[in-house]
Amino acid sequence: MDTDVRFMDTDSYDDIYAEMDRVGKASGKKYYKIPCGGTHAGVELVSVLHRGENEASDHA
């Protein structure tokens, strides 16, 4: 799935999400952010990609 996993030395979710956006936008590809601790969101994302849908729901 061409996943990019990074470890960050920070306690700030704002820093983490900003880095996710920076890396995602720099890739030039469509990207999805899985929230910290977002196991449930990750499961939904895999399900969405498997079904071939374009967007994940906001209620993950």
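Cut-offs applied
- Residues numbered from 1 in each chain as written.
- Predicted model: local features only at pLDDT ≥ 70, side-chain atom pairs only at ≥ 80, totals over all residues.
- Heavy atoms only, no water.
- Helix = DSSP H or I, 4+ residues; strand = E, 2+ residues; numbered from the N terminus.
- Buried < 20%, exposed > 50% of the residue type's maximum accessible area, 1.4 Å probe, protein only.
- Contact = heavy atoms within 4.5 Å.
- Expected span 1.5 Å × (residues − 1).
- Arc of directions from axis to C-beta.
- Polar contact = N/O pair within 3.5 Å; in protein donor to acceptor, adjacent residues only side chain to side chain.
- Salt bridge = Lys/Arg side-chain N within 4 Å of Asp/Glu carboxyl O.
- Phe/Tyr/Trp six-rings, centres within 6.5 Å; stacked < 30°, edge-to-face > 60°.

S.K.: Would you mind going over the overall build of the chain with me for this structure?
M.R.: A count of helical and extended segments in the chain gives two helices and zero strands. Considering the chain as a whole, with its 60 residues, one finds that 15% of them fall into the buried category. Intrachain contacts of the chain at a sequence separation of at least 6 include 14% that bridge at least 24 residues.

S.K.: What am I meant to see in helix H1 (residues 13–27) here?
M.R.: Note that an α-helix has 3.6 residues per turn; residues three or four places apart therefore point the same way. Here H1 spans 21 Å end to end across 15 residues, near enough to the 21 Å set by a 1.5 Å rise per residue. Residues of H1 that are buried: Ile16, Val23 and Gly24. Along the axis of H1, the buried residues cluster in a sector spanning 100°; they form a single face. Turned more than 90 degrees away from the buried face of H1 sit Asp14, Lys25 and Ala26, all of them exposed. The N-terminus of H1 is capped by serine 12, whose side-chain oxygen sits 3.3 Å from the backbone nitrogen of aspartate 14.

S.K.: Where do I start with the pattern of salt bridges in this structure?
M.R.: Side chains that differ in charge, positive against negative, can pair when their charged atoms come close. Scanning all chains against the criterion turns up two salt bridges. A salt bridge links arginine 6 to glutamate 19, with the shortest nitrogen-to-oxygen separation between them at 3.6 Å. One end of the pair, arginine 6, is in the segment before H1; the other, glutamate 19, is in helix H1, and 13 residues separate them in sequence. Taking the relative accessible area as the measure of exposure, arginine 6 reaches 47% and is therefore partly exposed.

S.K.: What's the story with the packing of aromatic side chains in this structure? I'm lost.
M.R.: Aromatic ring pairs are described here by two measures, namely the spacing of the ring centres and the angle between the planes. Evaluation of the coordinates by the stated rule reveals one aromatic pair. Judged by centre distance (6.3 Å) and plane angle (25°), the rings of tyrosine 13 and tyrosine 17 are stacked. Within this pair, tyrosine 13 and its partner tyrosine 17 are both found in helix H1, separated by four residues, close to a single helical turn. Exposure remark for tyrosine 13: the relative accessible area of 51% places this residue in the exposed category.

S.K.: Mind showing me how you'd approach the environment of leucine 45 here?
M.R.: Summarising the element assignment, leucine 45 is placed in helix H2 (residues 39–51). Under the relative-accessibility criterion, leucine 45 is labelled buried at 12%. In sequence terms leucine 45 and tyrosine 32 are 13 residues apart; their C-alpha atoms lie 8.2 Å from each other. Among residues more than four places away in sequence, those in contact with leucine 45 are Tyr32 and Ile34.

All we've got here are geometric facts, nothing functional implied.
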